[in-house]
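This is what each chain is made of:
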Amino acid sequence: MTDNLPSMADADSCLSDSQLEVLRKQYIREGEYVTEQTRFNYAWGLIKSKNRREQTQGVLLLTDIYREVPDRRRECLFYLALGHFKLGNYNDARKFNESLLEFEPNNHQAHALRQEIEDQGYIGMAIVGTVAAVGTIILTSLLKKK
């Protein structure tokens, strides 16, 4: 069941504009009778975009599918985790990814994503620590001048 999920490299690759346009046209053509598969494919294409607005739209579509189609929840967990990860929402990405790992503790893609999320967390902590240290140095030097 885990073999059909994308690798991190696939998640980082973008669809061409023409590929995304094919998905968009299919989604629009189906109108109010759009199938879950078409919505899912379009959402995944949007998440793979470099455009943050499109990525957000993809996460919103996947969130709707997750809520409305119980049979797709497991699959949506991973893609929601990836979408939030790409948007920099690391807490949400972690939440969805950990939910998937509860169902599938041996899911290799989810473990790879967990590592990516943790790495980003470490980078964030390092940046905050550096900013705090620089701020302290500046404040100390200003106080010494008085």
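Just so it is clear, the model here is predicted, and its values are computed rather than measured. (Residues numbered from 1 in each chain as written. Predicted model: local features only at pLDDT ≥ 70, side-chain atom pairs only at ≥ 80, totals over all residues. Heavy atoms only, no water.)

Q: Explain the pattern of salt bridges to me, please; I cannot follow it from the model alone.
A: Note that side chains of opposite charge can pair when their charged atoms are close. Inspection of the entire model under this criterion finds six salt bridges. A salt bridge links Arg24 to Glu21; the nearest nitrogen and oxygen atoms lie 3.1 Å apart. Placement of both Arg24 and Glu21 in helix H2 (residues 17–30) is noted, with a separation of three residues, approximately one turn of the helix. A residue is classified by how much of its surface remains accessible, and Arg24, at 22% relative accessible area, is partly exposed. Close ionic contact of Glu54 with Arg24 constitutes a salt bridge, the shortest N to O distance being 3.7 Å. (Salt bridge = Lys/Arg side-chain N within 4 Å of Asp/Glu carboxyl O. Helix = DSSP H or I, 4+ residues; strand = E, 2+ residues; numbered from the N terminus. Buried < 20%, exposed > 50% of the residue type's maximum accessible area, 1.4 Å probe, protein only.)

Q: Explain the nonpolar core here, please?
A: Most often, soluble globular proteins keep nonpolar side chains buried together rather than apart. In this structure, Phe40, Leu62, Ile65, Cys76, Leu80 and Leu113 are the most contacted members of the largest nonpolar core, which totals 28 residues. Elements with a contribution of two residues or more to this core: helix H3 (36–47), helix H4 (52–68), helix H5 (73–87), helix H6 (90–103) and helix H7 (108–145). In terms of residue count, the dominant contributor to this core is H5 (nine residues). Beyond its immediate chain neighbours, meaning those up to four positions away, Leu80 contacts Val59, Leu62, Thr63, Tyr66 and Phe96. (Core = buried A, V, L, I, M, F, W, Y, C linked by side-chain atoms within 4.5 Å. Contact = heavy atoms within 4.5 Å.)

Q: Could you clarify how one ought to interpret the confidence of the model for the chain in this entry?
A: The predicted coordinates of low-pLDDT regions are not to be read in fine detail. The share of residues in the chain with pLDDT of 70 or more is 77%, and the mean pLDDT across the chain is 84. Taken element by element, the predicted model of the chain shows its lowest mean pLDDT in helix H1 (residues 8–12) (63) and its highest in H4 (96). Within the model, the stretch residues 122–128 combines pLDDT values under 50 with zero contacts to residues more than four positions away or in other chains. (pLDDT = per-residue confidence, 0-100.)

Q: Whenever I open this one, H5 confuses me. Can you help?
A: Every α-helical turn comprises 3.6 residues, leaving residues that sit three or four positions apart pointing alike. With 15 residues, H5 extends 20 Å from end C-alpha to end C-alpha; this agrees with the ideal 21 Å at 1.5 Å per step. Counting buried positions over the 15 residues of H5 gives 13, a clear majority of the element. Directly beyond the C-terminal end of H5, a positive phi value near 85° is found at Gly88. (Expected span 1.5 Å × (residues − 1).)

Q: Where do I start with the packing of aromatic side chains in this structure?
A: For any pair of aromatic rings, the description consists of the separation of the ring centres together with the inter-plane angle of the planes. For the structure shown, the criterion picks out six aromatic pairs. On the numbers, 4.6 Å between centres and 75° between planes, the contact of Trp44 with Tyr79 is edge-to-face. Of the two residues, Trp44 sits in helix H3 while Tyr79 sits in helix H5, which places them 35 residues apart along the sequence. Since its relative accessible area comes to 13%, Trp44 is described here as buried. Residue classification places Tyr79 among the buried positions, given a relative accessible area of 5%. A centroid spacing of 6.4 Å and a plane angle of 80° characterise the contact between Tyr66 and Phe96, whose relative ring orientation is edge-to-face. Here Tyr66 is found in helix H4, whereas its partner Phe96 is found in helix H6, with 30 residues between them in sequence. Its relative accessible area of 27% is what places Tyr66 among the partly exposed residues. Exposure remark for Phe96: the relative accessible area of 12% places this residue in the buried category. Among the aromatic side chains, those forming a connected cluster through ring pairs are Phe40, Trp44, Phe78 and Tyr79. The ring of Tyr66 carries the charged tip of Arg73 above its face, separated from the ring centre by 5.4 Å. When the ring centre of Phe96 is taken as reference, the NZ or CZ atom of Lys95 above it lies at 4.8 Å. (Phe/Tyr/Trp six-rings, centres within 6.5 Å; stacked < 30°, edge-to-face > 60°. Lys NZ or Arg CZ within 6 Å of the ring centre and 35° of its normal.)

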